[in-house]
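These are the residues of each chain, in order.
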Amino acid sequence: MSMPERYHPECPPDAHKVIRPPESEVLATLCVKVEDCEESNGMVNVVKILSLMSKKPLILCSEKMKQLILDNISDSEFSPSFIRIHDDASKASVSYVDGAVGPTMDFYDLSAKGSDCSGFLDLLSKKCLICLNTLSMFTLRSVSTVYPWDKLLANQFLGQYTEAVSQLSEDDVKLLTDVRYGRFDALEVENKSKTAYKFLRLERKLFLQYPTEDD
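The paragraphs below set out a description of the structure included in this document.

Conventions and cut-offs
Residues numbered from 1 in each chain as written. Predicted model: local features only at pLDDT ≥ 70, side-chain atom pairs only at ≥ 80, totals over all residues. Heavy atoms only, no water. Buried < 20%, exposed > 50% of the residue type's maximum accessible area, 1.4 Å probe, protein only. Helix = DSSP H or I, 4+ residues; strand = E, 2+ residues; numbered from the N terminus. Contact = heavy atoms within 4.5 Å. Axes fitted to C-alpha atoms, helices over the stretch in contact; angles between N-to-C directions. Parallel < 35°, antiparallel > 145°, perpendicular 65-115°, else oblique. Left-handed = near helix turned anticlockwise from the far one by under 90°. Nonpolar A, V, L, I, M, F, W, Y, C, P; charged D, E, K, R; others polar. Core = buried A, V, L, I, M, F, W, Y, C linked by side-chain atoms within 4.5 Å. Phe/Tyr/Trp six-rings, centres within 6.5 Å; stacked < 30°, edge-to-face > 60°.

On to helix α1 (residues 43-53). Three or more residues of α1 are buried, namely M43, V46, V47, I49, L50, S51 and M53. Residues of α1 that are buried make contact with β1 (29-33), β2 (58-60), α2 (63-71), α4 (137-146) and α6 (170-180).

If you want it as structure tokens, here you go:
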């Protein structure tokens, strides 16, 4: 598993945060679609990657993948919940491990290949669930943390993401997956594929610069 380690400075809690109040509020909740094919990457590795997204991620997956995730949790702080899609696919609820089910919410699925993410920032201001795929989850999660403080910068990052992801080939996606799970050296990506490197450079910049609330 080969995501970069974040640097944790020895400073008081919240010392890194912007002092001025946020301009906007994020009301949406992000979730991640985990396909069955992720099992081939090793479930221990998959769980570690998901824990970098959040210590309490919301996950959309099959019952098989749900059980595999739960069976491979070793970090006591990692506590996933799962998304239940309603008969009306535009609605969903959070299903907790203890059996509780959250309220019905509007559901927007941006996980499909080629999904139009241009409205992502507008959705952040709605009380809803937004589903991302594993390829985009770190980049768009980071964009969502920029949005409350600087809409223009968030929009700039979203534009860079949209451009980068639109240029990825199937081979690029495989290469990026190999990098994420430590099967290919990230330092060699630029020599292998300029388009994959463009996506990777943006992802890692945002991943390191804009940590989650977990951090």
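After that view, the rundown keeps rolling.
Bringing the packing of α6 against helix α8 (residues 194-209) into the picture now. Look at α6 against α8: their axes get within 9 Å of each other, and the N-to-C directions meet at 40°. What the angle tells us is that α6 and α8 run oblique. The hand of the α6/α8 crossing is right-handed. For the pair α6 and α8, contact is made by D172, L175, L176, V179 and R180 and by T195, A196, F199, L200, E203 and R204, respectively. A class-by-class count of the residues in the contact of α6 with α8 yields six nonpolar, one polar and four charged.

Bringing the nonpolar core into the picture now. Among soluble globular proteins, nonpolar side chains are generally buried collectively. Grouped together as the largest cluster of nonpolar side chains are 51 residues, with contacts concentrated most on L50, I69, F120, L121, L124 and I130. Residues within four places of L124 in sequence aside, it is in contact with E25, V26, L27, A28, L30, I130, S144 and Y147. In terms of nonpolar packing, the next biggest core, distinct from the first, is built from ten residues, L58, A92, F107 and L129 among them.

Time to look at the packing of aromatic side chains. Going through the model one piece at a time under the given rule, you end up with three aromatic pairs. Between the aromatic rings of F138 and F207, the centroid separation amounts to 5.2 Å while the plane-to-plane angle is 75°, which identifies the pairing as edge-to-face. Residue F138 is located in helix α4, and its partner F207 is located in helix α8; the two are separated by 69 residues in the primary sequence. The buried category is assigned to F138, whose relative accessible area is 0%. Judged by relative accessible area, which is 0%, F207 ranks as buried. When the ring of Y161 is compared with that of F199, the centres are 6.1 Å apart and the planes differ by 55°; the resulting orientation is tilted. Of this pair, Y161 sits in helix α5 (residues 151-166) while F199 sits in helix α8, and the two are 38 residues apart along the sequence. Looking at Y161, the relative accessible area reads 5%, which means it is buried. With relative accessibility at 2%, the residue F199 sits in the buried group.

Our next topic: the packing of α4 against α8. Direction vectors running N to C along α4 and α8 enclose 45°, while the axes themselves pass 9 Å from each other. Judged by the inter-axis angle, α4 sits oblique to α8. Seen along the crossing, α4 lies across α8 with a hand that is left-handed. Two secondary-structure elements touch here, α4 through F138, T139, R141, S142 and V143 and α8 through F199, L202, E203, L206 and F207.

This is a description of form; function is not addressed.
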